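# Remarks on the overall topology
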Amino acid sequence: MLTDKDVNHIASLARIDIDAKTRERMIKDLSSVLDYVEILQSVPTEGVEPLYQVTGLTGRTRADEHRNIFPMGAELQERLVGQAPDSADGYVKVNSVLRRES
């Protein structure tokens, strides 16, 4: 059974504030989930092959071909790129999301 301290720690990791009523419900619900996982852990699975998918389909992909749903012309390109806060040479400019460590 989880304790108040456990649930408070989980809530802080999730960056959520919970009141006392919610905390009590979370103790009950999370403990129930963990009890069920413990039951699943006790099932003997030696010799059972892992199951990654159940359909039997492998390598089923469609051809990567242009479907021409929205024909891209100069006018559409300009309207789409024109909505961006900043653009250059027909492309949307965004701030870098990767930082280089010096």
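As shown above, the structure is provided for reference.
Described below are features of the structure shown in this document. (Residues numbered from 1 in each chain as written. Predicted model: local features only at pLDDT ≥ 70, side-chain atom pairs only at ≥ 80, totals over all residues. Heavy atoms only, no water.)

## Focus on the packing of helix α1 (residues 4-13) against helix α2 (residues 20-41)
One way to put it is that α1 packs onto α2 with a least axis distance of 10 Å and a crossing angle of 95°. Accordingly, the angle class assigned to the pair α1 and α2 is roughly perpendicular. Residues Asp4, Val7, Asn8 and Ile10 of α1 pack against Arg23, Glu24, Met26, Ile27 and Leu30 of α2. Tallied by class, the residues present in the contact of α1 with α2 amount to five nonpolar, one polar and three charged. (Axes fitted to C-alpha atoms, helices over the stretch in contact; angles between N-to-C directions. Helix = DSSP H or I, 4+ residues; strand = E, 2+ residues; numbered from the N terminus. Parallel < 35°, antiparallel > 145°, perpendicular 65-115°, else oblique. Contact = heavy atoms within 4.5 Å. Nonpolar A, V, L, I, M, F, W, Y, C, P; charged D, E, K, R; others polar.)

## Here we look at the nonpolar core
With five residues, the main nonpolar core is built from Leu2, Val7, Ala11, Ile18 and Ile27. Excluding its chain neighbours within four sequence positions, the residues that come into contact with Val7 are Leu2, Ile18, Arg23, Met26 and Ile27. (Core = buried A, V, L, I, M, F, W, Y, C linked by side-chain atoms within 4.5 Å. Buried < 20%, exposed > 50% of the residue type's maximum accessible area, 1.4 Å probe, protein only.)

## Description of the environment of Val92
Tracing the sequence through the fold places Val92 in strand β2 (residues 91-92). Judged by its relative accessible area of 46%, Val92 falls in the partly exposed class. In this structure the C-alpha to C-alpha distance between Val92 and Arg62, which are 30 residues apart in sequence, comes to 29 Å.

## Describing the side chain of Arg23
As for its position among the elements, Arg23 is in helix α2. For the buried residue Arg23, which engages in no salt bridge, the nearest side chain bearing the opposite charge is Asp4, 4.8 Å off. Not counting chain neighbours up to four residues away, the residues in contact with Arg23 comprise Asp4, Val7, Asn8 and Ile18. (Lys, Arg positive; Asp, Glu negative; His and termini not counted. Salt bridge = Lys/Arg side-chain N within 4 Å of Asp/Glu carboxyl O.)

## Description of the pattern of salt bridges
Within the structure shown, the criterion is met by two salt bridges. Across the pair Arg25 and Asp29 runs a salt bridge whose closest N-O atoms are separated by 3.9 Å. Note that Arg25 and Asp29 are positioned in helix α2 at a spacing of four residues, about one turn of the helix. Residue Asp86 pairs with Lys93 through a salt bridge whose shortest N-O separation is 3.9 Å. With relative accessibility at 38%, the residue Asp86 sits in the partly exposed group. Residue classification places Lys93 among the partly exposed positions, given a relative accessible area of 47%.

## Details of α2
Here α2 is 22 residues long and its end C-alpha atoms lie 31 Å apart, about the 32 Å a rise of 1.5 Å per residue gives. Taken together, the buried positions of α2 are occupied by Thr22, Arg23, Ile27 and Ser31. Angular distribution of buried residues about the axis of α2 spans 155°; they occupy a single face of the element. Counted as exposed and oriented over 90 degrees from the buried face of α2: Lys21, Lys28, Tyr36 and Ile39. Buried residues along α2 sit against α1. (Expected span 1.5 Å × (residues − 1). Arc of directions from axis to C-beta.)

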